Amino acid sequence: MNRRALLGLGLLSLLSGCATGPGAGTVLRIAQPADPRTLDPHKISDMPSMNALINVFDTLTTRGPDNRLAPGLALSWEAPDPYTWRFRLRPGVRFHNGEACDAVAVAFSVNRLLNPATKSPIVELRNVSAAVPLDELTVELRTSKPDPIIPAKVSLFGGVVVPPGYLAVAGDAGFARHPVGTGPFTFVDFQRDRRLRLRANPGYWAGPAGYRDLEFMPMPNTSSALAALQSDEVDMVTELSPDSALQITGYRGVSIRNYPAVPTSYVSLDTTDGPLSDVRVRRALNHAVDVPLLIKAVMDGKARELATLIPRESFGHDPAITPYTRDLDLAKRLLTEAGYPNGFDTTLTARTDSALLAEAISGLLARAGVRAAVRLLDIGTYTARLTSDNRRALGPMYLAKSTGWTLDGQSLVQSNVRHDRRQSRWNSPEADRLIDAEELGIAPEDRQRAFTELQRLLKDQAPFVFLFQSDSIYAMGDRAHWQPNAAGVLRMHSATVTA
Amino acid sequence: MIPTIIRRILSAIVVLFCVATVAFVLVRLSGDPVKLMLPPDATAQQETTLRASLGLDRPLWTQYLDYLAGLPRLRFGDSLVYGQPVAEVLLARVPATAELAAAALALTLLIAVPAGTFAALHRGRAGDSGVMGAVLIGQSTPVFWIGILLILVFAVRLQWLPASGYGGLDHLVLPAVTLALYSVAVVARLLRSSLIDVLGSDYIRTATAKGLRTRTVVGVHALRNAALPVVTVVGLEIGSLLGGAILTEQVFSWPGIGRLTVEAIQNRDFPLVQGTVLFFAAIFVLVNLLVDLSYTVLDPRVRLT
């Protein structure tokens, strides 16, 4: 036995020589919870996929560090009429294979996305009927109804431009195996579940990245990803929750950074009948849920309180509208007025990954006498019920979280406010009118006015319990330096790596 | 023996057909993949369009017949999520899983056979309880805990081995140890009791009476006879090493079939779930067949009839 144990130890130390692997130098290695699903940017609609592919491809517009819409492949854009968006393209841009990125390529890309044969899961361009090149550097997106935020929508998924010539030769499958874009990094290789390797594009139109290699590694288990960071196998771990960030706080060589971001949490209330149909009850719930306390206790301070649904960095947010005062006595008084002096029983449904938050909210509601039993569902079941035609499938109250990466208020309210939208559980002709005004009006001033009124109405009528917008949290090693914008997209061109 | 093998193969095909049917039905009971592919703000119209272009709006029996027709040629359709043929996605993961399972199996036998033999020979004494207690700890400790513990000690603290990922032999050590620790107890305990039985039998007494050394008695006569039940269990363990590696693969970011299966189920990726379920079923059927055949080699008294 002893000899064998010694042999084992010897074997371990023998192997240890090659444990660190190729790490040093100018490579940036990023751990994400998942791989890109496919490398064809028109066939993905999830953030981990986009986070990797946004480094290979460019979009028509982009978001700068100040969160403002900035030129990408398009230098400027305008709406000559409410049904048309015209984009003027950046001259001289070429794909990694040398193909020109012109109006034909842009029109081809948008039309490819819209073609049902592409089976694209990207849904933002639902109002676009066709893309038409006008001249070499001008392209028009025609819409079936006015769509004021097309320029914001083409800052990610729907705005990706792919090479028509290369696709004609390689085919869809070949393109997904070896993607070619115009972006700051070129594709090197991809081993699913192991790593995606990219290399800096020396001819990038905005100048090459300051380091050579960029790698994305899928690490589904946060603890293992953080261990990999500590043993210098990755430089950065993304998408941390506040409690997993706490695990690693204080370790040498590793820093936890949180940045303002837009993922917005709220509780949807079924206002059709029962206690929740009474506005006094809904207001009472908003007074009872002490959001600053939730942020401190559950989110470790890494979130910001929100008055309604629209986060600060999004167009339409009105800072003049303030959150509910947190007042337990007032909550109890309102409940008594509504005829529930002893509270009532209800359920609060949540995804398993937000169990802590749901339990905390349930605890705060209990102080006001509202006994909300927490019901947890796995992500698949939760999503299926959320998008089912039965609007009550998730019960009277459910905890929801949306990321409006367009940074326009519309993304937060488009599917849960207007009475005919599938996640709406509130019927207010006034709200419907305001939604129509912001969705169909092109002029920014008119839209802002509609958003301001809508937020006032939302606060007053409380069809939701409003919570907070949570920060993006990253763990980084000593060598990596980078700062995200509010949409939290991993555009790594601006990162720097010290040797 | 040859007709028996043919009969066994035919019955294996029937089993696989049943598994294929059950997988087809069950995965469809689990929900709608289109709901998970599209963001929650998709419209009903957009869902209908995508469902139609994926062919999921066709009548169930058409989908079933198409699926059955593809099976003999190993065509399972395209994965809904990855957009690649299922066989391609699946085969890309086989090496990693096979490597991990083989390493874990080798480690299991390397630890379990000496441990079980030692315990049987020292039956009822301190050595027996010590060894059996030690292997039980391995079995009763959750994989995700022992895995993380090994990572913290050997990767973070000592920096001897990589924390996770797939690559050279060094990447294999921690996941293989984690996975093997579970099977060691099963095999060692079975070998111990089987060996205790055999050691009490007449032919062992005869062998000892002949004046053979203990090493020969145990190594040649006892172990070989005690191996029969152990081989059965090891065969079954191969199945669970392949399939049960799910947690180990998660913890160590190991690119194997277990992780693929979990993701496929979470995404309701119908063709991929069907493919992986059939793959596991085929492995189990094959291993069982091999275990039966190995009996005839290990014990000439056993004849397949």
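Residues numbered from 1 in each chain as written. Chains lettered and ligands numbered in written order. Predicted model: local features only at pLDDT ≥ 70, side-chain atom pairs only at ≥ 80, totals over all residues. Heavy atoms only, no water.

1. So, the overall build of chain A
Along its length, chain A carries 15 helices and 21 strands. Scaling as 2.2 N^0.38, a compact globule of 499 residues should have a C-alpha radius of gyration of about 23 Å, and chain A matches this with 25 Å. When its C-alpha atoms are laid out on the principal axes, chain A stretches across 80 × 70 × 35 Å. In chain A, which comprises 499 residues, the share counted as buried stands at 57%. Counting only contacts in chain A whose residues sit at least 6 apart along the sequence, the fraction spanning at least 24 positions is 69%. A total accessible area of about 19,300 Å² is found for chain A, and carbon and sulfur atoms account for 53% of it. Considering chain A, the positive charge centre built from 55 side chains and the negative charge centre built from 53 side chains are found 4 Å apart. (Helix = DSSP H or I, 4+ residues; strand = E, 2+ residues; numbered from the N terminus. Rg over C-alpha atoms; globule rule 2.2 N^0.38 Å. Buried < 20%, exposed > 50% of the residue type's maximum accessible area, 1.4 Å probe, protein only. Contact = heavy atoms within 4.5 Å. Areas by Shrake-Rupley, 256 points an atom, 1.4 Å probe, with all protein chains shown as cover. Lys, Arg positive; Asp, Glu negative; His and termini not counted. Charge placed at Lys NZ, Arg CZ, Asp CG, Glu CD.)

2. Observations concerning the overall build of chain B
The number of helices and strands found in chain B is 13 helices and 0 strands. Dimensions of chain B along its principal axes, counting C-alpha atoms only, are 85 × 60 × 30 Å. A total of 305 residues make up chain B; the buried ones form 45% of that total. If you take every contact in chain B between residues at least 6 apart in sequence, the share linking residues at least 24 apart comes to 73%. Accessible area of chain B: about 14,500 Å², with a carbon and sulfur share of 70%. One finds the centroid of the 23 positive side-chain charges in chain B at a distance of 13 Å from the centroid of its 18 negative side-chain charges.

3. Let's talk about the interface of chain B and chain A
Across the contact, 45 residues belong to chain B and 42 residues belong to chain A. Contact with chain A buries surface across chain B, with K35, D41 and W160 of chain B losing the most and accounting together for 14% of the total. One can count 3 salt bridges joining chain B with chain A. Between D193 of chain A and R93 of chain B there is a salt bridge, with its nearest N and O atoms 2.3 Å apart. Our count for the chain B to chain A interface comes out at 14 residue pairs in polar contact (both at pLDDT 80 or more). Contributions of two or more residues to the side of chain B that touches chain A are made by α2 (33-37), α3 (44-53), α5 (86-121), α7 (143-157), α8 (169-199) and α11 (246-251) of chain B. Element by element, the count of residues in the side of chain B that touches chain A is highest for α3 of chain B, at 6 residues. (Buried area = accessible area lost by both parts, 1.4 Å probe. Salt bridge = Lys/Arg side-chain N within 4 Å of Asp/Glu carboxyl O. Polar contact = N/O pair within 3.5 Å; in protein donor to acceptor, adjacent residues only side chain to side chain.)

4. Quick look at the sheet that holds strand β5 (residues 84-89) of chain A
All names here are of chain A. If you walk across this open sheet you meet the 4 strands as β4-β5-β7-β6, and the pairing is antiparallel. Strands at the two margins of the open sheet, each flanked by one partner only, are β4 (74-81) and β6 (128-135). This sheet shows a mean twist of 20 degrees between the axes of neighbouring strands, independent of strand direction. Where β5 lies against strand β7 (residues 138-143), 5 bridges are found, and the strand directions are antiparallel. Directly across from T84, in β7, lies its bridge partner R142. (Pairing = 2+ DSSP bridges. Axes fitted to C-alpha atoms, helices over the stretch in contact; angles between N-to-C directions.)

5. Some points on the packing of aromatic side chains
Inspection of every chain in the model, using the stated rule, returns 19 aromatic pairs over all chains. Summarising the aromatic geometry, the rings of Y204 of chain A and W205 of chain A are spaced 5.0 Å apart at their centres and angled 40 degrees between planes, so their arrangement reads as tilted. Assessed through its relative accessible area of 10%, Y204 of chain A is described here as buried. Its relative accessible area of 29% is what places W205 of chain A among the partly exposed residues. With a centroid separation of 5.4 Å and an interplanar angle of 25 degrees, the aromatic rings of F24 of chain B and Y67 of chain B are classed as stacked. Of the two residues, F24 of chain B is situated in helix α1 (residues 2-29) and Y67 of chain B in helix α4 (residues 60-70); the sequence distance between them amounts to 43 residues. Neither residue differs from the other here; F24 of chain B and Y67 of chain B are each classed as buried. Through a chain of ring-to-ring contacts, the aromatic side chains of F57, Y166 and F175 of chain A assemble into a single cluster. Between the NZ or CZ atom of K459 of chain A and the centre of the ring of Y324 of chain A, over which it lies, the distance is 5.7 Å. The ring of F24 of chain B carries the charged tip of R28 of chain B above its face, separated from the ring centre by 3.8 Å. (Phe/Tyr/Trp six-rings, centres within 6.5 Å; stacked < 30°, edge-to-face > 60°. Lys NZ or Arg CZ within 6 Å of the ring centre and 35° of its normal.)

6. Quick notes on a nonpolar patch on the surface
All names here are of chain B. A surface patch of nonpolar side chains, amounting to about 620 Å² of accessible area, comprises F144, W145, L149, L152, V153, L158 and L247. Sorting elements by how many residues they give to the nonpolar patch places α7 first, with 5 residues. Within the secondary structure, F144 sits in helix α7. (Patch = residues over 30% accessible without salt bridge, like charges linked within 9 Å, V, L, I, M, F, W, Y side chains within 5 Å.)

7. A few points about the side chain of T308 of chain A
All names here are of chain A. With respect to the secondary-structure elements, T308 resides in the loop between β14 (303-305) and α10 (328-337). We classify T308 as buried; its relative accessible area is 3%. Contacts of T308, omitting those with residues within four sequence positions, involve Q455, L458, K459 and F466.

8. Let's talk about the domain arrangement of chain A
Residue and element names in this part refer to chain A. Segmenting chain A into domains produces domain 1 (3-232 + 475-497) and domain 2 (264-470). Taken residue by residue, the interface counts 20 residues in domain 1 and 13 residues in domain 2. Taken as a group, P146, P148 and I149 account for 35% of the area that domain 1 buries against domain 2, more than any other trio of residues on that side. In this assembly, domain 1 and domain 2 are joined by 0 salt bridges. For the pair domain 1 and domain 2, the number of links is 2 residue pairs in polar contact (both at pLDDT 80 or more). (Domains from an automatic or database assignment.)

9. Some thoughts on helix α3 (residues 103-114) of chain A
With 12 residues, α3 of chain A should reach 16 Å at 1.5 Å per residue; the first-to-last C-alpha distance of 17 Å fits that figure. Every buried residue belonging to α3 of chain A is among A103, A105, V106, A107, S109, V110, R112 and L113 of chain A, and all of these are buried. (Expected span 1.5 Å × (residues − 1).)

10. Thoughts on the confidence of the model for chain B
Taken residue by residue, chain B gives an average pLDDT of 84. The fraction at 70 or more is 97%. Listed scores for the predicted complex are pTM 0.85 and ipTM 0.77. (pLDDT = per-residue confidence, 0-100.)

11. Some thoughts on the pattern of salt bridges
Per the counting criterion, the structure on display carries 46 salt bridges over all chains. Between R418 of chain A and D420 of chain A there is a salt bridge, and its shortest N-O distance comes to 2.9 Å. The class of R418 of chain A is buried, set by a relative accessible area of 15%. A relative accessible area of 43% means that D420 of chain A is categorised as partly exposed. Across the salt bridge formed by R205 of chain B and D202 of chain B, the nearest N and O atoms sit 3.0 Å from each other. Of this pair, R205 of chain B and D202 of chain B both sit in helix α9 (residues 202-209), 3 residues apart, roughly one helical turn. The same class applies to R205 of chain B as to D202 of chain B, namely exposed. Each of D389 and R422 of chain A together with D32, K35, E47 and R51 of chain B takes part in salt bridges that share partners, so that together they form one network.

12. Some remarks on the packing of helix α14 (residues 429-440) of chain A against helix α15 (residues 444-461) of chain A
For any two helices packed against each other, one specifies the crossing angle of their axes together with the interaxial distance. Residue and element names in this part refer to chain A. As a packed pair, α14 and α15 sit with axes 8 Å apart at the nearest point and diverge in direction by 155 degrees. In terms of orientation, α14 and α15 fall into the roughly antiparallel class. In this structure, α14 crosses over α15, and the sense of that crossing is left-handed. The segment α14 lies against α15, with E430, A431, R433, L434, I435, A437 and E438 engaging R447, A450, F451, E453, L454 and L457. Across the contact of α14 with α15, the residue classes tally to 8 nonpolar, no polar and 5 charged. (Parallel < 35°, antiparallel > 145°, perpendicular 65-115°, else oblique. Left-handed = near helix turned anticlockwise from the far one by under 90°. Nonpolar A, V, L, I, M, F, W, Y, C, P; charged D, E, K, R; others polar.)

13. Concerning the environment of G253 of chain A
All names here are of chain A. Tracing the backbone shows G253 in the loop between α7 (242-248) and β12 (254-259). When the C-alpha positions of G253 and L440 are compared, they lie 51 Å apart, and in sequence the two are 187 residues distant. If sequence neighbours within four positions are ignored, G253 has contacts with M476, G477 and D478.

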